[in-house]
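Analysis of the macromolecular model
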Amino acid sequence: MRKRILLKFLEAYVLIGFLGFLLITLAGSHMIEALLEQEISESLYQDAYNVAENDSVKNNISSSNLSKIQANLYMISDYPSTLIWIINSDGKIIVSTRTDISADQPIEIKDFDPSDWGSNYYQVGDFYGYFPESYLSVIAPITDNMTTKGYVAIHYLMSDLYQKRGELLFVIQILFLAVYLMAALLILIYRHYVHKPLKEITRGAAEFANGNLAYKIPVTSENEIGYLANSLNYMAEKLNRSGEYQRQFISNISHDFRSPLTSIKGYVDAMLDGVIPPDSQEKYLKIIAYESGRLEKLTEGLLTLNELDIHKRLLKIQTFDINEVIKNTAATYEGDCTKRKILLELLLSGKELYAKADVEQIQQVLHNLLNNAIKFSPDHSTIVIETSEKNDKIFVSVKDHGIGIPKQSLHRIWERFYKTDISRGKDQTGTGLGLSIVKEIISAHGENINVISTEGVGTKFIFTLEKAR
């Protein structure tokens with residue numbers, strides 16, 4: 001699409017101007033001429049009718065003294081350039097406003113026949129060959145006692161009508177050209193508010209296509225085009241972040257897989273080479289088993305996240321007692337808590353509290369949160385699991401009194417493989433996927449999860465569930 005939109009607009013603008021001017025000149029000329037003919041002929045016919053109904057004209061048309069009628073004709077017509085005749089019943093001009101015709105020498109109009117006019121009260125032409133040029137002519141009969149004594153004829157020079165038509169058409173053409181030039185402002189407005197932003201958006205799209213996702217389209221207008229530019233900038237930013245996330249993801253997973261694999265390979269090679277004697281191999285086989293367990297947990301976590309990505313909409317929603325699920329989950333950690341003197345305190349709302357969700361996935365959420373709480377809590381501390389309800393929502397919280405999360409790390413704890421520096425020393429077996437799985441599960445249910453944490457004081461996770469009616 002190399003033919004630019006602006007050029008198309010300019011071509012259309014010029015074409016519309018040319019066709020518009022041509023239409024006004026041709027059709028406008030015809031319409032103005034028709035309107036002027038109608039207006040002038042009606043006015044002239046009214047004048048002719050008034051003359052024909054004048055008693056002086058009726059009484060004197062048959063006499064030899066017509067000077068009185070002729071004197072009054074000069075004051076009748078609304079148009080000074082008109083020519084007024086009194087024609088007798090024989091078709092002869094006996095009175096005229098022109099001095100070359102006198103009552104003593106009437107002029108006969110050859111082939112004059114008023115019946116030719118029919119219902120028309122005006123004609124355009126040479127009036128039966130009398131005039132060398134074109135006139136607009138009207139006639140009105142002079143009647144007395146149901147007898148036609150003659151006719152009043154008024155003639156208007158068509159060249160004068162054409163001159164008026166030209167003057168009016170010129171005014172209309174000037175107005176059209178003025179409006180046409182003013183319309184050119186629309187081209188300038190289009191160029192400033194549409195064409196230039198579209199060029200910037202096109203340039204931005206090319207930058208994005210070439211991989212430069214950091215490019216920002218410099219369009220800040222608050223309209224549809226500005227919204228489009230902002231949407232593209234937002235899309236590029238999200239894609240750029242996604243790319244960074246993928247690179248970070250690969251880096252993290254490579255690091256987490258490399259360490260245990262290096263240990264396993266090193267000890268296996270040492271045993272195969274005989275560097276580690278058979279009586280000492282049990283110790284290193286336990287290390288290999290431990291590192292294998294880490295790899296297994298890491299793989300399981302990745303598979304769980306992958307399944308959540310694929311099947312996040314395929315939830316097995318059912319009604320269940322969330323209080324009972326919490327009790328059963330807490331019971332699985334009774335041994336670990338007893339060993340470290342950690343008290344699990346359950347503050348549950350009512351004897352039963354029914355929620356609507358995928359019970360297996362909510363169990364996974366509780367296991368991950370409770371496992372983290374125990375892992376980062378000191379001995380002889382308390383972990384509180386609480387349920388409450390408000391506005392058809394169930395709120396479940398898991399609160400510990402552990403090491404807490406640094407403020408600058410709170411927004412990153414949901415990222416895959418992310419571990420805070422302060423937690424790395426206490427989380428030797430963790431994969432950094434637990435909270436990512438929790439976030440994915442809660443989001444798949446259309447619910448929310450939040451965290452409140454103070455470093456050195458403790459952490460509280462709160463998530464919502466739909467309450468069963």
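This text follows the structure it describes.
Notes on the structure follow. (Residues numbered from 1 in each chain as written. Predicted model: local features only at pLDDT ≥ 70, side-chain atom pairs only at ≥ 80, totals over all residues. Heavy atoms only, no water.)

**Brief notes about the overall build of the chain**
Check the secondary structure of the chain and you find 11 helices and 13 strands. For the chain, with 469 residues in total, the buried portion stands at 38%. If you take every contact in the chain between residues at least 6 apart in sequence, the share linking residues at least 24 apart comes to 64%. (Helix = DSSP H or I, 4+ residues; strand = E, 2+ residues; numbered from the N terminus. Buried < 20%, exposed > 50% of the residue type's maximum accessible area, 1.4 Å probe, protein only. Contact = heavy atoms within 4.5 Å.)

**Here's the deal with the sheet that holds strand S4 (residues 122-125)**
Strand order across the open sheet formed by 6 strands is S3-S2-S1-S6-S5-S4, with antiparallel pairing between neighbours. Where the open sheet ends on each side, the last strands, each with one partner, are strand S3 (107-108) and S4. For strand S1 (residues 83-88) and strand S2 (residues 92-96), the ladder comprises 3 bridges, and the chain directions are antiparallel. Across the sheet, Ile-86 pairs through a bridge with Val-95, a residue of S2. Relative to strand S5 (residues 135-144), helix H1 (residues 5-52) is tilted by about 25°, and along the sheet it contacts S1, S4, S5 and strand S6 (147-157). In this fold helix H4 (residues 158-209) packs onto S4, S5 and S6, with an angle of close to 45° to the strand it touches most, S6. (Pairing = 2+ DSSP bridges. Axes fitted to C-alpha atoms, helices over the stretch in contact; angles between N-to-C directions.)

**What about the pairing of S1?**
Where burial is concerned, most of S1 is hidden: 6 out of the 6 residues are buried. Strand direction decides the pairing type here: S1 and S6, joined by 6 bridges, are antiparallel. Bridge pairing links Trp-85 to Ala-153 in S6. In sequence, S1 turns back onto S2 through a hairpin of 3 residues, with Gly-91 there showing a positive phi of about 80°.

**Section: the packing of helix H9 (residues 359-375) against helix H11 (residues 434-444)**
At their nearest, the axes of H9 and H11 sit 9 Å apart, and the two run at 145° to each other. The handedness of the crossing between H9 and H11 is left-handed. Where H9 abuts H11, its residues Gln-361, Ile-362, Gln-364, Val-365, Asn-368, Leu-369 and Asn-372 lie against Gly-434, Leu-435, Ile-437, Val-438, Ile-441 and Ile-442. Its residues assigned to classes, the contact of H9 with H11 comprises 8 nonpolar, 5 polar and no charged. (Left-handed = near helix turned anticlockwise from the far one by under 90°. Nonpolar A, V, L, I, M, F, W, Y, C, P; charged D, E, K, R; others polar.)

**Some details on H11**
If you check which residues of H11 are buried, you get Leu-435, Ser-436, Ile-437, Val-438, Ile-441 and Ile-442. Gly-446 sits one or two positions beyond H11 and adopts a positive phi of about 75°.

**Regarding a nonpolar patch on the surface**
On the surface, Phe-21, Phe-170, Val-171, Ile-174, Leu-175 and Leu-177 cluster together into a nonpolar patch covering about 540 Å² of accessible area. Along the chain, Val-171 turns up in helix H4. (Patch = residues over 30% accessible without salt bridge, like charges linked within 9 Å, V, L, I, M, F, W, Y side chains within 5 Å. Areas by Shrake-Rupley, 256 points an atom, 1.4 Å probe, with all protein chains shown as cover. Salt bridge = Lys/Arg side-chain N within 4 Å of Asp/Glu carboxyl O.)

**Section: the pattern of salt bridges**
Side chains that differ in sign of charge can pair as their charged atoms come close. Tallied over the full model, the rule gives 8 salt bridges. Two residues, Arg-203 and Glu-200, come together in a salt bridge whose shortest N-O distance is 3.0 Å. Of this pair, Arg-203 and Glu-200 both sit in helix H4, 3 residues apart, roughly one helical turn. With a relative accessible area of 41%, Arg-203 lands in the partly exposed category. Given a relative accessible area of 21%, Glu-200 falls into the partly exposed group. With a shortest N-O distance of 2.2 Å, Glu-389 and Lys-467 are connected by a salt bridge. Placement of the pair is Glu-389 in strand S10 (residues 382-390) and Lys-467 in strand S13 (residues 458-467), with a sequence separation of 78 residues. The class of Lys-467 is partly exposed, set by a relative accessible area of 29%.

**Structural notes on unusual backbone geometry**
With a phi angle near 60°, Asp-111 is a residue other than glycine that sits in the positive phi range. In this fold, Asp-111 is placed in the loop between S3 and S4. Positive phi, close to 60°, is recorded for Asp-392, a residue that is not glycine. Note on placement: Asp-392 falls in the loop between S10 and strand S11 (393-399).

**With respect to the packing of aromatic side chains**
Under the definition given, this model contains 16 aromatic pairs. Here Trp-85 and Phe-127 contribute two aromatic rings whose centre-to-centre distance is 5.7 Å and whose plane-to-plane angle is 75°, an arrangement assigned as edge-to-face. Placement of Trp-85 in strand S1 and of Phe-127 in the loop between S4 and S5 is noted, with a sequence separation of 42 residues between them. The same class applies to Trp-85 as to Phe-127, namely buried. Following the ring pairs from residue to residue traces out a cluster consisting of Trp-85, Phe-112, Trp-117, Phe-127, Tyr-128, Tyr-130, Phe-131, Tyr-135 and Tyr-151. (Phe/Tyr/Trp six-rings, centres within 6.5 Å; stacked < 30°, edge-to-face > 60°.)

**Here's the deal with the pairing of S10**
As paired strands, strand S8 (residues 343-347) and S10 are joined by 5 bridges and run parallel to one another. Residue pairing for S10: Leu-347 is matched across the bridge by Glu-386. Between S10 and S11, which pair antiparallel in sequence order, lie 2 residues; one of them, Asn-391, sits at a positive phi of approximately 50°.

**Section: H4**
Compared with the 76 Å implied by 1.5 Å per residue over 52 residues, the 71 Å span of H4 between its first and last C-alpha is a close match. When the local axis directions of H4 are compared, the greatest deviation, roughly 40°, occurs at Arg-191. (Expected span 1.5 Å × (residues − 1). Bend = angle between axes of the 7 residues up to and from the residue.)

Bear in mind that shape data such as this cannot, by itself, settle questions of function.
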